[in-house]
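Survey of secondary and tertiary structure
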Amino acid sequence: MNPAIPALAVVALAGAALLWLFISASFLLWGARLAGVERRSYGRAFATLLLGGIASALLTAVLSAAPLVGTGLGLLLGFCVSSVVMMAIFDTTFGKALAANILAWVLPFVLAGVLALIGFALFGVLVALA
């Protein structure tokens, strides 16, 4: 096997992770807009994802010692920790920060559902025309 292939795979995965970080920042910014956060910007959303993600990952790693309860508690407390980080960066209330984080988590699924419905509709039109 060519030794450059694993290195190329690592670079590709790092690029995909960075791309996902930019996309997630867009969803957080969208969630902040829907939640009514006043001082919002893409840079603040990106910083919130970086710092909140690190803090949430550490909390989840600590709580994962108890398999079922720890993982669920880590997920719920991860939202709270990320909201506290967002409170500091966006200078907003905990309620708005929590709402923006929950919306940022739900919006990709909603968008995927809408795109799937549009795809099914286009497929139906194409089948009807054929």
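What you see is a predicted model, and the numbers here were worked out from it, not measured in a lab. (Residues numbered from 1 in each chain as written. Predicted model: local features only at pLDDT ≥ 70, side-chain atom pairs only at ≥ 80, totals over all residues. Heavy atoms only, no water.)

**Some thoughts on unusual backbone geometry**
With a phi angle near 55°, Asp 91 is a residue other than glycine that sits in the positive phi range. Tracing the chain through its elements places Asp 91 in the loop between helix H3 (67–90) and helix H4 (94–129). (Helix = DSSP H or I, 4+ residues; strand = E, 2+ residues; numbered from the N terminus.)

**Observations concerning the pattern of salt bridges**
For the structure shown, the criterion picks out two salt bridges. Residue Glu 38 pairs with Lys 96 through a salt bridge whose shortest N-O separation is 2.8 Å. Linking Glu 38 in the loop between helix H1 (4–35) and helix H2 (42–63) with Lys 96 in helix H4, this pair joins segments that are 58 residues apart in sequence. You can call Glu 38 exposed: its relative accessible area is 54%. In this structure, Asp 91 and Arg 39 form a salt bridge, with 3.4 Å as the shortest nitrogen-oxygen distance. (Salt bridge = Lys/Arg side-chain N within 4 Å of Asp/Glu carboxyl O. Buried < 20%, exposed > 50% of the residue type's maximum accessible area, 1.4 Å probe, protein only.)

**A closer look at the environment of Ala 65**
Checked against the element boundaries, Ala 65 lands in the loop between H2 and H3. Under the relative-accessibility criterion, Ala 65 is labelled exposed at 71%. Once the C-alpha coordinates of Ala 65 and Val 110 are considered, the two residues, 45 residues apart in sequence, prove to be 32 Å apart.

**Overview of the packing of H1 against H4**
At a closest axis distance of 7 Å, the pairing of H1 and H4 adopts a crossing angle of 125°. Between H1 and H4, the crossing angle belongs to the class labelled oblique. Relative to H4, H1 is oriented so that their crossing is right-handed. On H4, the residues touching Phe 27, Leu 28, Trp 30, Gly 31, Ala 32, Leu 34 and Ala 35 of H1 are Lys 96, Ala 99, Ala 100, Asn 101, Leu 103, Ala 104, Leu 107, Pro 108 and Leu 111. Taken together, the residues of the contact of H1 with H4 break down into 13 nonpolar, two polar and one charged. (Axes fitted to C-alpha atoms, helices over the stretch in contact; angles between N-to-C directions. Parallel < 35°, antiparallel > 145°, perpendicular 65-115°, else oblique. Left-handed = near helix turned anticlockwise from the far one by under 90°. Contact = heavy atoms within 4.5 Å. Nonpolar A, V, L, I, M, F, W, Y, C, P; charged D, E, K, R; others polar.)

**Examining the nonpolar core**
In this structure, Leu 28, Ala 32, Val 37, Ala 45, Met 86, Phe 90 and Ala 100 are the most contacted members of the largest nonpolar core, which totals 15 residues. Listed by contribution, the elements that provide at least two residues to this core are H1, H2, H3 and H4. In terms of residue count, the dominant contributor to this core is H1 (five residues). Sequence-distant contacts of Phe 90, that is, excluding residues within four places in its chain, are made with Ala 32, Val 37, Arg 39, Arg 40, Ser 41, Arg 44, Ala 45 and Thr 48. (Core = buried A, V, L, I, M, F, W, Y, C linked by side-chain atoms within 4.5 Å.)

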